[in-house]
Structures are given as structure tokens and as C-alpha cells.
Amino acid sequence: MNVLNNIQSIRKEFPILNTTVNGNKLIYLDNAATSQTPNCVIDSISNYYKNLNSNIHRGVHTLSQLATEKYEDTRKKFKTHFNAKSSSEIIFTSGTTHSINLVSSGFTNFLNDKDEIIVSQLEHHSNIVPWQMLCEKTGAKMKVIPMNDKGELDLNAFSNILSFKTKIVFINHVSNALGTVNNIQEIIEKSHSVGAAVLIDGAQAVPHFEVDVRKLDVDFYVCSAHKFCGPTGVGILYGKKEWLDKLPAYQGGGEMIDDVTFEKTTYSELPNKFEAGTPNIAGVIASGIALDYINNIGLENIKEYEDYLLSYATEKLLEIDGLKIYGESKNKTSVISFNIKSIHPYDIGSLIDNLGIAVRTGKHCAQPIMDFYKIPGTVRISFCFYNTTDEIDTLVNALKKASIMLSQ
């Protein structure tokens, strides 16, 4: 499917794009925070509660069996999409943050004060704080891969801090604040050469291009459904079976058990071992529908069109006097972070919101990046395949007006 030729028909599938904000038609450019949801996903959630609402895995009655079948079919979809060896390597969580915490908590059993772990300067707080908590519990030391002015990681520096003391390396595939696509293949290969495991935060990657976990040979890969047109409250954790078997259970409760007595409890096999309690059944099923939706459009088509939007917007934005873009890697997704002169990003975001334009302002849960550039934050625009060049033109005109007003 050529997205460019079908953009208007695609936009009709997203009812929120007809919303008005402050009397203006919504222009939604905050897709890195959460993407919007097409009718097929909304209908899936509605259908579940109208026709299937039942707890899964535990009932012999028809509704429970039907709900279980759809839930497990969704797991198979993600297994195929990511090219995992087995559906049992796909764990459903509440989001990327939950997935990272599950893994970091499990590594408490494997680390001591002689060990080291490695993070990058480009990380979202959710891929920093859980590991800091791990270090506090175990005494392990955290080392940081530095970034350069273009917003790229210094892989030579990474090689220098990597050692046989390193037990796990955790890096994002794509920076949420800058859009930089990291060379995770090289990072994974180097990490494995010293016996370290690797977790990749793929929240900002999965909506934009294909990910093959076996080709990458990654140990853990995590993402969130709401980034690729699915509902909030659903995360996907891929883990190699050998690692998931070694990790201790993260939460205790129903479903994750095999046998329970007051003397001892034994745990269930994968994936149930990590899915305690009643999950977000409707959300998981709808996430599978979202996955079908983006695959029907085609991730290659999505990437091609979003790259076009990125190029178009970059050129237009740089026409604005005093505008500086942060994150200028040649390899990036459709995210642009910028400031205009010395104007605070919050003021720009508030002003253009009055015109119905939704952008993100602030540190983007990536304070180390902002500290590196010595700025309070940025204005961030992020595109999805339903955005248009007309919306970009409207944004640029609004920014020019805002710049004049806020400079007086």
C-alpha cells in the first residue's frame, strides 16, 4: 500500500482526527508519546465487552474459552511479528516500563558489588531508574555510554567501558527525545562477546520499522502497544527462553502458579510464570488487531512515508529564524526536537495548542539528554503515517507567529 496515495482514506479510520481543539481542527503531532487509535481497534475493545467478557484460562464455559483463544492467538501474532522461536517467549505486561522492571528486578539474583551494568545517555527514565534501583540493592556499578552533539552514541567509548564485569547492557533502539536510531546490532554483538545480556527498549522503534529478535540475537526486547495504534496498558516483553527460565517470578498470585500449599508454592511454565492475576484481556486482544492494522499498511510503506514527512518538516522548520534542532543523526525516525531562540518550549507549546496543534514540550523523560545540551527542554514533534504535509505547513506558520509574539 502506498501510504501517500491513501492518506485521506487512512485518516478516515481515526475518528479523533476529526476532533476540534479550541475551535480548530486537531493537528496531532505527539505520536512518540502515544499514537492514535483506528476504528478497528476501538471496535475490538467494544466487541470484547459486548460479546466475550470473561476471565481467561480458568473457565470451562464457552465465553472463557473464546476469550482465551483470542488472547492466545494474539500472543502467536506477536511471536510471528518479532520472529521469536516460541509463543512462550512473549510475555504480556502493562507497558514498556513494567517489562523493564520485570527484568531488572529479576537480575537482583544475578549481581553483586563486583559486577557492572551499562546504560546509554540517550535513555528514557524508565530505562534508567529501575536499573539504579537494582544497583542500590546489589552494589553493582552503572556505567554510561556517552553521546555526541548530533545525538549519537559513542561506540568507541562503549567498547572501552565494556568488560567481563559487565552483566547486562540496556539501550533504547530509538531515542524518544531525539529520534536517533542506535546501532543495536553492534552493541548486542560486543556485549555478547563478554558474556553480557542485552535488553533493548523498542518502544519508539516498533511503530516505524520491522524488528527480528532472532536476527538481532537480543536477549530481551520490550515495547508498548499504544505506540503502534493499540490501546494503553499493554506491553510486550520478548525474552529468550533460557533467560526467562532463569529469571525469578516477578509477581505472585493466580495464574502464575503450578501448585500452592502453605508449605511451598511451585510456579507455572512460561509464559504464565510472569502473568500473575487477571490481565488486560480486551487490551491485549485489541493490540493484536493494531498489529494486524499496521502490518496491513506495511511497515516498509510506513517508514518510507514517515521519512518523507521527516525530511519535509526538517526543511520547513529550518526556515524559522532562530530555530535549532537537537538530534541530527543521519539515521533517525520521524521525531524532531527543537527550540526557537531563548523562548521556553512550554510557552511555544501552550500558544500553538490554542490553534489546535498538539506537540510535546519539556524533558521528555530524558533529563540526561537535556543536561547534555544545557537546555530546560525542547519542543518535540513526532509523526505517524496519518499525518500530512498540510499539517506541517500549518505548524510552521503557527511557530512563526508564536516566535514573533513571544519575542516581543
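Report follows, based on the coordinates.

1. Overview of the pairing of strand 6 (residues 141-145)
Reasoning step 1: Sheet analysis places strand 5 (residues 116-120) next to strand 6, joined by five bridges and oriented parallel. Paired with Ile117 across the strands is Met142, a residue of strand 6.
Reasoning step 2: Running through helix 5 (residues 129-138), the crossover from strand 5 to the neighbouring parallel element strand 6 is right-handed.

2. As for helix 11 (residues 299-317)
Reasoning step 1: Counted at 1.5 Å a residue, the expected span for helix 11 with its 19 residues is 27 Å, and the 26 Å between its end C-alpha atoms agrees.
Reasoning step 2: Listing the buried residues of helix 11 in full gives Leu299, Ile302, Tyr305, Glu306, Leu309, Leu310, Tyr312, Ala313 and Leu317.

3. Description of the sheet that holds strand 14 (residues 335-340)
Reasoning step 1: Strand order in this open sheet of four strands is 13-14-17-16, and the pairing throughout is antiparallel. Looking at which strands have only one partner, the edges of the open sheet turn out to be strand 13 (323-326) and strand 16 (360-362). Across this sheet, the average inter-strand angle for adjacent strands is 30°, counted without regard to direction.
Reasoning step 2: As defined by bridge partners, strand 14 adjoins strand 17 (residues 378-382) across four bridges and the pair is classed as antiparallel. For Phe338, the partnering residue across the bridge sits in strand 17 and is Val379.

4. Some remarks on the pattern of salt bridges
Reasoning step 1: Within the structure shown, the criterion is met by 16 salt bridges.
Reasoning step 2: In this structure, Glu72 engages Arg75 in a salt bridge whose closest nitrogen and oxygen atoms are separated by 2.8 Å. In this pair, Glu72 and Arg75 both sit in helix 3 (residues 62-82), three residues apart, roughly one turn of the helix.
Reasoning step 3: The class of Glu72 is partly exposed, set by a relative accessible area of 22%.
Reasoning step 4: The partner of Lys240 in a salt bridge is Asp219, and the shortest N-O contact between them spans 3.4 Å.

5. Concerning the packing of helix 4 (residues 96-106) against helix 5
How two helices sit against one another is set out by the angle between their axes and by the gap between those axes.
Reasoning step 1: Across the interface, helix 4 lies against helix 5 with an axial gap of 9 Å and an inter-helix angle of 15°. One element, helix 4, and the other, helix 5, form an angle in the roughly parallel class. For helix 4 against helix 5, the interelement crossing comes out right-handed. Contacts from Ile100, Asn101, Val103 and Ser104 in helix 4 reach Pro130, Trp131 and Leu134 in helix 5.
Reasoning step 2: Across the contact of helix 4 with helix 5, the residue classes tally to five nonpolar, two polar and no charged.

6. Quick look at the environment of Thr96
Reasoning step 1: One can find Thr96 in helix 4.
Reasoning step 2: Residue Thr96 is classed as buried on the basis of its relative accessible area, which comes to 6%.
Reasoning step 3: Between the C-alpha atoms of Thr96 and Ser224, which are 128 residues apart in sequence, the distance is 5.3 Å.
Reasoning step 4: Contacts of Thr96, omitting those with residues within four sequence positions, involve Asp201, Ala203, Val222, Cys223, Ser224 and Gly235.
Reasoning step 5: Side chain to side chain, Thr96 and Ser224 meet in a polar contact 2.6 Å long.

The rules behind the values
Residues numbered from 1 in each chain as written. Predicted model: local features only at pLDDT ≥ 70, side-chain atom pairs only at ≥ 80, totals over all residues. Heavy atoms only, no water. Pairing = 2+ DSSP bridges. Helix = DSSP H or I, 4+ residues; strand = E, 2+ residues; numbered from the N terminus. Right-handed = clockwise from strand over helix to strand, strands pointing away. Expected span 1.5 Å × (residues − 1). Buried < 20%, exposed > 50% of the residue type's maximum accessible area, 1.4 Å probe, protein only. Axes fitted to C-alpha atoms, helices over the stretch in contact; angles between N-to-C directions. Salt bridge = Lys/Arg side-chain N within 4 Å of Asp/Glu carboxyl O. Parallel < 35°, antiparallel > 145°, perpendicular 65-115°, else oblique. Left-handed = near helix turned anticlockwise from the far one by under 90°. Contact = heavy atoms within 4.5 Å. Nonpolar A, V, L, I, M, F, W, Y, C, P; charged D, E, K, R; others polar. Polar contact = N/O pair within 3.5 Å; in protein donor to acceptor, adjacent residues only side chain to side chain.

Note that all results are geometric; they support no functional claim without further evidence.
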